[in-house]
Structures are given as C-alpha cells and as structure tokens.
Amino acid sequence: MATSTPVHPVDAIPPVRQLAAFGLQHVLAMYAGAVAVPLIVGGAMKLPPADLAYLITADLLVCGIATLIQCVGFWRFGVRLPIMQGCTFAAVSPMVMIGTTGGGLPAIYGAVIVAGLVIMLLAPVFGRLLRFFPPLVTGTVILIIGVSLMPVAGNWVAGGSGAEDFGDPGNLGLAAFVLVVVLAVQRFGPAFLSRIAVLIGIAAGLVVAVPFGFTDFGGVADAGWVGISTPFHFGAPAFEASAIVSMLVVALVCMTETTGDFIAVGEMTGRKAEPRSLADGLRADGLSTVLGGVFNTFPYTAFAQNVGLVGMTRVRSRWVVAAAGGMLVLLGLLPKLGAVVAAIPAPVLGGAGVVMFGTVAASGLRTLSEVGFEGNHNLTVVAVSLAVGLLPVGVPTVYDAFPAWFQTVMHSGISAGCLTAIVLNLLFNHLPGRSAAGAGEPAGDVATEPSGTVART
C-alpha cells in the first residue's frame, strides 16, 4: 500500500475559517506601513486628496498582487514562502527628490519600471550569493531587522508620526492594553486562539478605542465603493537618467534586504532558502516593481513587519499569506473597506507591533545561538554589524551630509548591517591563510582545511 508524502507546513492549507483569520492578521500588521509610502511621497509633492486616495488604492491592489505572486508563484517567479509584499521605505527619499525637483510622477514611474527590470536580470546573480549568508550573517541580519523595526512600533505606540497627541499617556495606555491582551491570549488561550492573538488584541483595542474617541470612522462615508487603478493614470512614464540611477541604488538595497527577509522566514518555517528559490523570490520582487510602475505605485519588497508575525504565531502556511494578498486586492478595489481598516488607531497597532518585532529579534538570537564564538572573531562580526545597523536607527540624521546614493544605502539599518556582516565575515573567516573555525557555522567539532574553509569532523 502506497504511503502519501507528508505535506510540509509551508504548503499546508488551513481550514477556510482559520485561513481568513490568520490572513486578516497579516493585513492589519502591514496596512499602516503599506499606505505610508504613497502618503509620504504624495504629501511631499502636494498632490490633491483625490490623487492621494488613488495612490493608496493602487498601492493596496499591487501589494495584494505582489504577495500572491510571491507566495503562490508561477514558473520561476515567487519564493513560495509566507512573505508579504509592500512598498519599500528605502525608495521614499529618492522618489520625493525626483517628484519635487522636476519630472513628477511620470519620472518616478519610469525609474521604477527600469529598476524592476534590472532586479529581474540580477536575481540569478544574487541567488548564487547564498553561500555568503552562513548562520553568523543570517542571525545578525535577522536580529538587526527586529531591532531596527522597534522605532516603527514606538511611533505607533505614541500615536503615529505627526499626531497632535503624540506621546499622550492615553495612547501608551491603549497600546499597553493591546499588548496585555495579546500576551494573555498567547499564554492562557487554546491553541487556535493563541495563533490569532494579534488579531484578538487589535479587535479588543478597537473596541476600547471607539468609545474613548481614539479613532474616527468619518472617512468611511467619504470613500467610494469601487475604485480601479488603470495603467499610467498620471501619464506615460518618463525615463530620466538621474532618476534611474538613484532608483537602481534603491534596487540593490531592496535585494539585500529581501534576501535577509527570505532567509529569516526560511529559518522560521523550516524551509531554508536555496539559491534557486532565492532567485525566484527576487525575480518576483522585480516583476512586482515593474507592475508598480505601470499601475501608479512604487517599488515592492518583502515586508519585514510580517516576518515577526510568522515567528510569533508559528503559522507557517504560505496560503495564509496568499489569503492576505487576496484581501489586499479587495481593499484596493473597494476603497470603503480600505477606509475601515485605515481607521484603526496607531496605538492599537503599536501594542501588537512591540511583540511582533521583538519576535524577529529573538529569532535572530536563536540563530546566533547555533554559532561558535570560541577561538574566532565571530563576536566582532556580530558586534560591529549590529552597531553599524543600529546607527541610523538611533541617529537618523547621521548620514545627512553624505551623497544621496550613500544615504540610500546606509540610512536603512537593515541594508547597512547586512552589508557589514557579509564583508566582515569574508574578512575574518574566508580570507586565505586564516583559521575559519566557527566561521558562522553551528557550534560543534570543526576542522580547518588548508584553504581556510570549514570541514565537519
């Protein structure tokens, strides 16, 4: 009698009820970040409210399509892991500069389309770089991702950047209430409820927020029922050399960050990223970015916010995130639904964000616990990479006097820390003639080959 092959948790499809609940958690976790980029860019360009609303619905639509491509996949596109896609913040400064100093949205979209095509071409090259991401590097990068997201959670907890009541004790109290609910459900709730602890915490926070005036659903009535983003709504794309160059720098930063996110989720789900799957995932990023340029939105990348949710809930199914992608498509086509989600107050998201982003950092520490730190320079690699990665997080203006391309790379703590970890690992553990014992490998018995590589004994 033939035995059926067991289904990997990544490929398992939960029941519809759980699929919807788990998927909604991912949508709520990333929604604020997803709409932030069009709001910032459109606001800097002083676009009218109607155009801002159009940018947001277009963004949500392509977010959903990009997530479906990444999770479900087709041919050589998609990493087929539970990865949410969203607009990258690394592109905000270059896009604001392009949009406000001449060229406007058409120049932005022309540069975005070219960047997406370049990402697709470079995807196989990045896929072959996986050997430069041993546990020493991946653990450090995952730790930096988690810690660098904490200011995002902190801003949400305080009321959201630019809020008139930023830092009000009521905001912090509401966030603390949500955090307590999430922890209580995780600790005392049955297995299914503990996996949707974030969703329950957000729902409980919303129940408290409404009567105490923390939110306003007035925008729901003003939003339309149906909205469809049409290609090149703001005009045909313009291809300007300076804009394209700045966006290509962003593309390299995005590929580095996305590689770190793929590796992190691979570690959490038990399906580690391989060179081919990594290339397929980056190729999907490039395709989504091209779609962004065509459908009036911006470059797309893996959303680190949702990496923490995968680790916290231990729900590893890619179909859960695909369901979230479907919900984003609906939000992009039905602006009124999007307005309902947008009305959730920032402190409610902040309470959930604290534990989610902390989970990412803790996952990095767990990976680093497998690395040997005796008789080698691995501690130096982690220490310096962490410091470089957190420098722009703690002092956001530290690189303001440097050229724009340098700021684009180094203002992102994730890309700065990742690049530093790769370079230092090569310097200390891969140069010919140096001992590589413990070079990012799990602790245990290792022997050094004459070439400086590590061999298991």
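Residues numbered from 1 in each chain as written. Predicted model: local features only at pLDDT ≥ 70, side-chain atom pairs only at ≥ 80, totals over all residues. Heavy atoms only, no water.

Draft legend 1. Region of the structure containing helix H5 (residues 135-148). The terminal C-alpha atoms of H5 lie 19 Å apart, and with 14 residues this matches the ideal 20 Å at 1.5 Å per residue to within 8%. Summarising burial for H5: 13 of the 14 residues are buried, a large majority. (Helix = DSSP H or I, 4+ residues; strand = E, 2+ residues; numbered from the N terminus. Expected span 1.5 Å × (residues − 1). Buried < 20%, exposed > 50% of the residue type's maximum accessible area, 1.4 Å probe, protein only.)

Draft legend 2. Examining a nonpolar patch on the surface more closely. A cluster of nonpolar side chains, namely Trp-225, Val-226 and Ile-228, defines an oily patch on the protein surface of about 390 Å² accessible area. Residue position: Val-226 is located in the loop between helix H10 (218-222) and helix H11 (241-269). (Patch = residues over 30% accessible without salt bridge, like charges linked within 9 Å, V, L, I, M, F, W, Y side chains within 5 Å. Areas by Shrake-Rupley, 256 points an atom, 1.4 Å probe, with all protein chains shown as cover. Salt bridge = Lys/Arg side-chain N within 4 Å of Asp/Glu carboxyl O.)

Draft legend 3. Up close: the side chain of Thr-297. With respect to the helices, strands and loops of the structure, Thr-297 is situated in the loop between helix H12 (275-294) and strand E2 (300-302). Within the structure, the side chain of Thr-297 is placed 2.9 Å from the side chain of Tyr-300, a separation counted as a polar contact. If sequence neighbours within four positions are ignored, Thr-297 has contacts with Ala-58, Asp-59, Val-62, Cys-87, Tyr-109 and Gly-292. (Polar contact = N/O pair within 3.5 Å; in protein donor to acceptor, adjacent residues only side chain to side chain. Contact = heavy atoms within 4.5 Å.)

Draft legend 4. Spatial organisation of empty space enclosed by the protein. Considering all chains together, one arrives at 1 cavity of 30 Å³ or more under this definition. By volume, the largest cavity is sized at about 30 Å³. Forming the walls of the largest cavity are Ala-115, Ile-119, Met-247, Val-250, Ala-251, Cys-254, Thr-289 and Pro-299. Mapped by element, the contributors of at least two residues to the lining of the largest cavity are helix H4 (104-127) and H11. Counting residues per element, the lining of the largest cavity draws most heavily on H11, at 4 residues. Its residues placed into classes, the lining of the largest cavity shows 7 nonpolar, 1 polar and no charged. (1 Å grid on protein atoms, 1.4 Å probe; cavity = no way out; pocket = protein on both sides within 12 Å on 5 of 7 lines; lining within 4 Å. Points joined across faces, edges and corners; volume = space filled by probe spheres on them. Nonpolar A, V, L, I, M, F, W, Y, C, P; charged D, E, K, R; others polar.)

Draft legend 5. Geometry of helix H13 (residues 304-313). Burial analysis of H13 places 9 of its 10 residues in the buried class, which makes it a mostly covered element. Inspection of H13 places Ala-304, Gln-305, Asn-306, Val-307, Gly-308, Leu-309, Val-310, Met-312 and Thr-313 among the buried residues, and these make up the whole buried set. Remark: Arg-314 follows H13 within two positions and exhibits a positive phi of approximately 60 degrees.

Draft legend 6. Structural context of the pattern of salt bridges. For the coordinates displayed, the defined rule picks out 5 salt bridges. For Arg-318, the salt bridge goes to Asp-11, with nearest N and O atoms at 2.8 Å. Highlighted residues: Arg-318 in helix H14 (residues 318-333) and Asp-11 in the segment before helix H1 (16-44), separated in sequence by 307 residues. The partner of Arg-76 in a salt bridge is Asp-280, with the nearest N and O atoms 2.9 Å apart. With Arg-76 in the loop between helix H2 (49-72) and strand E1 (85-87) and Asp-280 in helix H12, the pair connects residues that are 204 residues apart, well separated along the chain. The network of salt bridges with common partners includes Arg-76, Arg-276, Asp-280 and Arg-283.

Draft legend 7. Here's a closer look at the packing of aromatic side chains. Per the counting criterion, the structure on display carries 7 aromatic pairs. When the ring of Tyr-399 is compared with that of Phe-406, the centres are 5.5 Å apart and the planes differ by 75 degrees; the resulting orientation is edge-to-face. Overall, Tyr-399 belongs to the buried group, its relative accessible area being 9%. A residue is classified by how much of its surface remains accessible, and Phe-406, at 21% relative accessible area, is partly exposed. Among the aromatic residues, those joined into a ring-pair cluster are Phe-74, Trp-75 and Phe-77. (Phe/Tyr/Trp six-rings, centres within 6.5 Å; stacked < 30°, edge-to-face > 60°.)

Draft legend 8. Molecular detail of the confidence of the model for the chain. For the chain, the mean per-residue pLDDT works out to 80, and 89% of the residues sit at or above 70. Element-level mean pLDDT values for the chain span from 35 in strand E4 (residues 454-456) up to 92 in H12. In this model, residues 442-457 is a region of pLDDT below 50 whose contacts with residues beyond four sequence positions or in other chains number 33 contacts. (pLDDT = per-residue confidence, 0-100.)

Draft legend 9. Expanded view of the nonpolar core. Membership of the largest hydrophobic core comes to 112 residues, with the highest contact counts inside it found for Met-95, Ile-108, Ile-202, Met-247, Phe-298, Leu-328 and Met-356. Among the elements that take part in this core, H11 stands out by supplying 14 residues, more than any other. Ile-108 has contacts with Val-41, Met-45, Met-95, Ile-98, Gly-99 and Phe-298, leaving out every residue within four places of it along the chain. Judged by nonpolar contacts, the second largest core, of 9 residues, contains Leu-136, Ala-361, Leu-368 and Val-371. (Core = buried A, V, L, I, M, F, W, Y, C linked by side-chain atoms within 4.5 Å.)

Draft legend 10. Layout of unusual backbone geometry. For Arg-80, which is not a glycine, the phi torsion comes out positive at approximately 60 degrees. Looking at where Arg-80 falls in the secondary structure, it is placed in the loop between H2 and E1. Here the phi dihedral of Phe-232 falls at roughly 55 degrees; this positive angle occurs in a residue that is not glycine. One can find Phe-232 in the loop between H10 and H11. Its relative accessible area of 34% is what places Phe-232 among the partly exposed residues.

Draft legend 11. Molecular detail of the packing of H4 against H12. Running from amino to carboxyl end, H4 crosses H12 at an angle of 175 degrees, the nearest separation of the two axes being 7 Å. Here H4 lies roughly antiparallel to H12, going by the angle between them. The residue inventory of the contact of H4 with H12, partitioned by class, reads 16 nonpolar, 6 polar and 2 charged. (Axes fitted to C-alpha atoms, helices over the stretch in contact; angles between N-to-C directions. Parallel < 35°, antiparallel > 145°, perpendicular 65-115°, else oblique.)

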